[in-house]
Amino acid sequence: MTVVNATTKRPLPNKQKISQFRRLLWHFNRTDLGWVTKAALSSLQPGARAKRVALLKQLPSKPEWSAASRQLAEDGYVDVSSLMERSLAEAVAAVSESKVSRLNELSGKQQLGHKSFWVSLLDEDLVDGAFATDHPFVRYALQPAALRIIGDFMHDLPQLSDVLLTLSQPTPSQSLSYSQLWHLDHDDKRVCKLFIYLTDVRDTADGPFTFIPAGPSKPFRNTLKSHMNDQQVFAKTGPDAVKEMVAPRLSSFIVNTARCLHMGSRIQSDRNRLLYTATYIQQPRIYPEPAPRFRAAGPLTDIDRAVMRL
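Residues numbered from 1 in each chain as written. Predicted model: local features only at pLDDT ≥ 70, side-chain atom pairs only at ≥ 80, totals over all residues. Heavy atoms only, no water.

1. Quick notes on the overall build of the chain
Which entries qualify depends on this criterion: Helix and strand definitions follow DSSP, with helices as H or I runs of at least four residues and strands as E runs of at least two, each counted in order from the N terminus. Here, two residues are considered to be in contact whenever any of their heavy atoms come within 4.5 Å of each other. Accessible surface area values rest on a Shrake-Rupley calculation with a 1.4 Å probe, where residue burial reflects the displayed protein chains alone.
Scanning the chain from N- to C-terminus turns up eleven helices and eleven strands. Residue pairs at least 24 apart in sequence account for 85% of intrachain contacts in the chain once pairs closer than 6 positions are excluded. When the accessible area of the chain is evaluated, it comes to approximately 15,100 Å², of which 53% is carbon and sulfur surface.

Dropping the structure here:
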């Protein structure tokens, strides 16, 4: 079939055909039909998945981790503050505080500049776009508790996609945009994010991570709208379904952001919110694999290498 320009009726150039195909595939994969893509890709790599499952089984297991994984599967979120290693969280906090002390300098260097309400503070730690595997932010994401909880939910060893440090700040004169609006994440069909609050999030004014659990979020799974305002969301589900993650500094939680409609960074007054985020997906990725995000530094286990695709 020939793709033509709707205005001129002339055949489209090959690059434009590819662009349109990718856009259609992107819309397709955003809906539940994307599971077809996922299943097809998985069927082409049976040996790779078997290896990841075997590596997952090598991780230690604890009853409390299993319980957390079951809650993640059922509700789409789980508080893991008591299950993560405190020393690793403190190491992340130390790096974060040193970055905030240089806020003005780092604000001018950030590569992700489209969100005026937050600043990405780790860009200077990247070499050719990749983090060293001994970076405290990477080590926190690789701890066995996180991998086992998310892995048991995915029935597979997860892939660590990225780590991020963001400082959310008030923008009183601007309308809500991007992640301040309600949305689902479409990095893949299964997306889990591990968060640490690096400042106290005491109430709504601190811009807490705010979400709707997996069950009430189901009506939004096949919408083609990438971001929605409060009125659009509450027309389908009442505000009583909304949960705010209000918690003290170093609290940690995991959310399946592909299933739980969510938003955040709605900072009020003169407050700010410092947040660590690690993103995990289930291999194989339904979109083309991006450039490597991690580079080997120091000793790595087979599990580490598989999680980071090294």
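Structure shown, so let's carry the discussion forward.
2. Structural notes on the side chain of S96
Within the secondary structure, S96 sits in helix α5 (residues 86-100). In this view, S96 contacts F137, L165, L198 and L274; residues no more than four positions away in its chain are not counted.

3. Observations concerning the sheet that holds strand β6 (residues 210-211)
Put simply, the rule is: When DSSP finds two or more bridges between two strands, those strands count as paired.
One open sheet accounts for three strands, arranged β7-β6-β9; its pairing is antiparallel. With one partner strand each, in any of the chains shown, β7 (243-244) and β9 (262-263) form the two edges of the open sheet. Here β6 pairs with β7 via two bridges, running antiparallel. When the sheet's bridge partners are listed, T210 is paired in β7 with E244.

4. Comments concerning α5
Residues spaced three or four apart along an α-helix point in a common direction, a consequence of the helix completing one turn every 3.6 residues. Put simply, the rule reads: How far a helix is expected to stretch is found by multiplying one less than its residue total by 1.5 Å. Remark: exposure states derive from per-residue accessible area (1.4 Å probe, protein chains only) relative to the maximum for the residue type, with buried under 20%, exposed over 50%, and partly exposed in between. Working note: the arc is built from the helix axis to C-beta atom directions.
Relative to the 21 Å expected for 15 residues at 1.5 Å per residue, α5 spans 21 Å between its end C-alpha atoms, a close match to the ideal helical length. Within the sequence span of α5, burial applies to L88, A89, V92, A93, V95, S96 and K99. Taken end-on, α5 shows its buried residues confined to a sector of 165°, consistent with a single buried face. Exposed residues on α5 whose side chains face more than 90 degrees from its buried face are R86 and S87.

5. Regarding the environment of E85
Along the polypeptide, E85 turns up in the loop between β1 (77-79) and α5. C-alpha separation for the pair E85 and Y140, spaced 55 residues apart in sequence, amounts to 8.1 Å. Those residues in contact with E85 that lie beyond four places of it in its chain are Y140 and Q143.

6. Examining the packing of aromatic side chains
So the rule is basically this: Only centres within 6.5 Å qualify two rings of Phe, Tyr or Trp (six-membered ring in Trp) as a pair; their planes then separate them into stacked at under 30 degrees, edge-to-face at over 60, and tilted for everything else.
The tally for this structure, following the rule as stated, stands at nine aromatic pairs. Between Y140 and Y276 the ring centres are 5.4 Å apart and the planes differ by 75°, which places this aromatic pair in the edge-to-face class. Here the residue Y140 occupies a position in helix α7 (residues 136-141), and Y276 occupies one in strand β10 (residues 273-281), the gap between them amounting to 136 residues. Residue class for Y140 comes out buried when judged on its relative accessible area of 1%. Consider the rings of F195 and F209, whose centres lie 4.8 Å apart with planes at 40°: the pair is tilted.

7. A word on the pattern of salt bridges
So the rule is basically this: For salt bridges, the criterion is a side-chain nitrogen of Lys or Arg within 4 Å of an Asp or Glu carboxyl oxygen.
This structure, assessed with the given rule, holds 18 salt bridges. Between D156 and R52 there is a salt bridge, with its nearest N and O atoms 3.1 Å apart. Placement of D156 in the loop between α8 (144-154) and β4 (159-168) and of R52 in helix α3 (residues 46-58) is noted, with a sequence separation of 104 residues between them. Each of the two residues, D156 as well as R52, counts as buried. Taking the shortest distance from any N to any O, the salt bridge between R309 and E289 comes out at 3.8 Å. Remark: E289 occurs in the loop between β10 and β11 (294-295) and R309 occurs in the segment after α11 (302-308); sequence separation between them is 20 residues. Take E289: its relative accessible area is 35%, and that puts it in the partly exposed class. Put simply, K99, R102, E124 and D125 are held in one network by salt bridges that share partners.

8. A look at the nonpolar core
Note on soluble globular proteins: their nonpolar side chains tend to be buried together. Where we set the bar: Remark: nonpolar core denotes a set of buried residues (Ala, Val, Leu, Ile, Met, Phe, Trp, Tyr, Cys) joined through side-chain atoms within 4.5 Å.
Ranked by size, the top nonpolar core spans 54 residues in total, and within it L160 and Y276 carry the most contacts. The greatest single-element share of this core, amounting to seven residues, is contributed by α8. Core analysis: the next-biggest nonpolar cluster, separate from the first, contains 13 residues, F195, F211, A247 and F253 among them.

9. Re unusual backbone geometry
With an omega dihedral of -5°, the bond running from Q283 to P284 counts as a cis peptide bond. Within the fold, P284 resides in the loop between β10 and β11. A positive phi is found at H155, a non-glycine position, where the angle reads about 60°. With respect to the secondary-structure elements, H155 resides in the loop between α8 and β4.

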